[in-house]
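# Reading the structure
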Amino acid sequence: NFTLNLAGNRKQKGFQRLADNDVLALSKCLLNYRTLTGLDMGYNNISDEGAAYLAKLLEVRKRRGLLRRWSDDVTVIMSVTVIMSVTVIIRVVVVMPVAAQAQDTMLRSLDLTFNNIQTNGAEVLASSLQGNSSLLSLRLSGNKIGRHGGLNLAGMLRVNMTLQELELGECDLNLLVPSEVLPLTLPLSLQEMQSMIGLSTALKTNTTLRSMDVSRALLFSYLEEWAVHFSKMLPVNSSLVELHLGKMGLTDTGMERLSEGLKLNHRLRYLDLRCNRVSRDGALHLSRVLKENSPLEVIDLSSNRIEDPGAEYLSEAICSKGSVLRENNISTRGLLSLAGALNNSPTLTHIYIWGNHLEEPVCQAFRELLITGRLTPEQSDVRPYEVDGHVFLAELSHHLRKHLFFLDVNEKNAGSDSPQTQ
């Protein structure tokens, strides 16, 4: 089994990105490759036409595998059971495709991030995945599939009980693309929420999806209805481990609604809330979630504005294994409180603070943590240095791995790893 890497973001001289015609030729060549389990075609020029070729590839591989194995098995059985009754032979014909389907080797991961796929491409992919039982990971981030594309994928999640990872970040899930028709019978606020409502509703019954990314859905309603729907989904969902809600315009009010569902959720371990509008009050609601023995292990609050009071709230309740607090306008008081939390909480292992107000007392405190070994350079994004007797902190390029709990699709123990950096 192997993964074919054809990503178009390579910095090589003369490198040419794939187009729809290339996808057509590739799909024909891959029909007979039974050992191919991963296909990375991100950062290319694939449009809806290329997405249709890939959708057919998924369906054809499955159908060819079933017919080939069915015919071989039936031929063997017929040769040794020529005296069996017709009813027995018919029973064999019905059962064999099911067994062959379980044995067939097909694509497990498909990466199409940042191509030119829109609504129609998302529709054909969703249609092909409704009957697919092999694909575990689908990444469509950066494709402007629009509102109807999100609805099609939400409908797929209600049927497909195999997919474990779905990336829809920066897909403009709540915008109408030019090819879509605006229904006049629905109020504007409901139209805007259609894809988010559909996805949250599908996750109430889906029992296999482990990682979901809907960042930057381009929401314009100030009522934050999507947070209410996701809050109602979290208590009943039993599979979701990683949820990315970055760039959603989440405010303290939305954080309060989302916290109501987080308190009743016993599965989620990674919560991404980066680049939102969460302030000290939102941090207070989140700290109350942490105090109730939440399973959360990683919280990304980078590029919010929790300030010193919010940092103190989190320091009191901290029980996670990783916290990203970059660029939150936290000054000396809040950062010293977080440094104290590191000394008092053995479960807190990773902390990222660059972009806040790093005054000298803070620099000294974190230098002490690094010198004593309580914090290693790989577990933070700062490194101390000294000039003329004064301590400063420099930035390191370490950050939490995004797909923290969705390991390689071939590994059996997915979800058991600890926070790492890349």
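Since the structure is predicted, the reported quantities are computational estimates derived from the model, not experimental observations. (Residues numbered from 1 in each chain as written. Predicted model: local features only at pLDDT ≥ 70, side-chain atom pairs only at ≥ 80, totals over all residues. Heavy atoms only, no water.)

## Remarks on the environment of His285
Quick reminder of the rule: We count a stretch as a helix when DSSP gives it H or I for four or more residues in a row; a strand needs E for two or more, and each element gets its number in order from the N terminus. Only protein chains enter the accessibility calculation, which uses a 1.4 Å probe. A residue is then buried if its area is under 20% of the maximum for its type, exposed if over 50%, and partly exposed in between. Contact criterion: two residues are considered in contact whenever any of their non-hydrogen atoms come within 4.5 Å of each other.
The residue His285 is located in helix 9 (residues 280–291) in this model. When its relative accessible area of 14% is taken as the criterion, His285 is described as buried. Here the alpha-carbon distance between His285 and Arg257, two residues 28 residues apart in the chain, equals 9.1 Å. Not counting residues within four places of it along the chain, the set of residues in contact with His285 comprises Asp252, Met255, Glu256 and Ser259.

## Some details on the nonpolar core
Cut-off, in case you're wondering: Residues belong to a common nonpolar core when they are buried Ala, Val, Leu, Ile, Met, Phe, Trp, Tyr or Cys residues joined through side-chain atoms within 4.5 Å.
Met212, Trp226 and Phe366 are the most contacted members of the largest nonpolar core, which has 93 residues in total. Here this core gets six residues from one element, more than from any other, and that element is helix 2 (residues 48–80). Phe366 has contacts with Leu335, Ala339, Leu342, Ile351, Ile353, Leu375 and Leu393, leaving out every residue within four places of it along the chain.

## Looking at empty space enclosed by the protein
Let me state the cut-off plainly: Grid points spaced at 1 Å and placed over the protein atoms alone form the basis of the search, with a cavity being a set where a 1.4 Å probe fits but cannot get out and a pocket an open set showing protein on both sides within 12 Å along at least five of seven lines. Lining residues have an atom within 4 Å of a point. Grid points are joined across faces, edges and corners, and a volume is the space filled by probe spheres set on the points. In this classification, the charged set is Asp, Glu, Lys and Arg, the nonpolar set is Ala, Val, Leu, Ile, Met, Phe, Trp, Tyr, Cys and Pro, and all remaining amino acids, among them Gly, are polar.
A full pass over the atoms with the stated rule returns one cavity of 30 Å³ or more. What lines the largest cavity is simply Ile299, Leu301, Leu314, Ile318, Ser323, Val324, Leu325 and Leu338. Per-class residue counts for the lining of the largest cavity are seven nonpolar, one polar and no charged.

## Here we look at helix 9
The line we're drawing: Multiplying 1.5 Å by the helix residue count minus one yields the expected span of that helix.
Look at helix 9: 16 Å from first C-alpha to last across twelve residues, which is about the 16 Å you get at 1.5 Å a residue. Tucked inside the fold, the buried residues of helix 9 contact helix 8 (252–262), strand 8 (270–272), strand 9 (298–300) and helix 10 (307–317). Two residues or fewer after helix 9 comes Asn293, characterised by a positive phi angle close to 55 degrees.

## Observations concerning unusual backbone geometry
Unlike most non-glycine residues, Tyr43 shows phi in positive territory, near 60 degrees. Within the fold, Tyr43 resides in the loop between strand 2 (36–40) and helix 2. Even without being a glycine, Glu307 presents a positive backbone phi close to 55 degrees. Locating Glu307 in the fold gives a position in helix 10. For Glu307, a relative accessible area of 18% translates into the label buried.

## Remarks on the side chain of Asn44
Note the cut-off: For this analysis, a polar contact is any N or O atom pair within 3.5 Å, provided that within protein one partner can donate a hydrogen and the other can accept it, and provided that sequence-adjacent residues contribute only side-chain to side-chain pairs.
Mapped onto the fold, Asn44 is located in the loop between strand 2 and helix 2. One polar contact links the side chain of Asn44 to the main-chain carbonyl oxygen of Leu6, over a distance of 3.0 Å. Here Gly42 takes part through its backbone oxygen, which lies 3.1 Å from a polar atom of the side chain of Asn44. Residues contacting Asn44, with those up to four places away along its chain left out, are Leu6, Ala7, Gly8, Arg17, Leu18, Phe114 and Asn115.

## Let's talk about the packing of aromatic side chains
Put simply, the rule is: What counts as a ring pair is set by centres within 6.5 Å for rings of Phe, Tyr and Trp (its six-membered ring), and what kind of pair is set by the plane angle: stacked under 30 degrees, edge-to-face over 60, tilted for all other angles.
By the definition in use, this model includes three aromatic pairs. Ring centres 5.9 Å apart and planes at 75 degrees place the aromatic pair Trp226 and Phe230 in the edge-to-face group. Taken together, the positions of Trp226 and Phe230, both in helix 7 (residues 225–233) and four residues apart, correspond to about one turn of that helix. One exposure class covers both Trp226 and Phe230, and it is buried. Note on Tyr385 and Phe392: the rings are 5.7 Å apart at their centroids and 25 degrees apart in plane angle, and the pair reads as stacked. Residue class for Tyr385 comes out partly exposed when judged on its relative accessible area of 40%. Residue Phe392 is classed as partly exposed on the basis of its relative accessible area, which comes to 35%.

## As for the confidence of the model for the protein
The line we're drawing: pLDDT gives the predictor's per-residue confidence on a scale running from 0 to 100.
In this model, the protein carries an average pLDDT of 82, and 79% of its residues clear a pLDDT of 70 or more. Helix 3 (residues 86–103) is the least confidently modelled element of the protein, averaging 35 in pLDDT, while strand 5 (residues 165–167) averages 97, the highest of any element. Contacts of residues 65–105 to residues separated by more than four positions or lying in other chains number 27 contacts, the stretch itself having pLDDT below 50.

## Focus on the packing of helix 10 against helix 11 (residues 332–344)
Keep this limit in mind: In this description, a line fitted to the C-alpha atoms serves as the axis of each element, helices being fitted only across the stretch in contact, and the angle between N-to-C directions of two axes falls anywhere from 0 to 180 degrees. Any angle from 65 to 115 degrees is called roughly perpendicular, while one under 35 is roughly parallel, one over 145 is roughly antiparallel, and all others are oblique. Crossing chirality is assigned from the near helix's rotation relative to the far helix, an anticlockwise turn below a right angle marking it left-handed and a clockwise turn marking it right-handed.
Here helix 10 crosses helix 11 at 10 degrees, and the two axes come no closer than 8 Å. By the angle class used here, helix 10 and helix 11 are roughly parallel. The chirality of how helix 10 crosses helix 11 is left-handed. Contacts between helix 10 and helix 11 involve Asp308, Pro309, Ala311, Glu312 and Ser315 from the first element and Arg333, Gly334, Ser337, Leu338 and Ala341 from the second. Across the contact of helix 10 with helix 11, the residue classes break down as four nonpolar, three polar and three charged.

## Focus on the pairing of strand 1 (residues 2–5)
Operational definition: A strand pair is defined by DSSP finding two or more bridges across the two strands. Here is how to tell: hold the view so the strands point away, follow the path from the first strand over the helix to the second, and if it runs clockwise the crossover is right-handed.
Direction of pairing for strand 1 relative to strand 2: parallel, over a ladder of four bridges. Looking across to strand 2, one finds that Thr3 is bridged to Gly38. Crossover strand 1 to strand 2 through helix 1 (residues 20–29) is right-handed.

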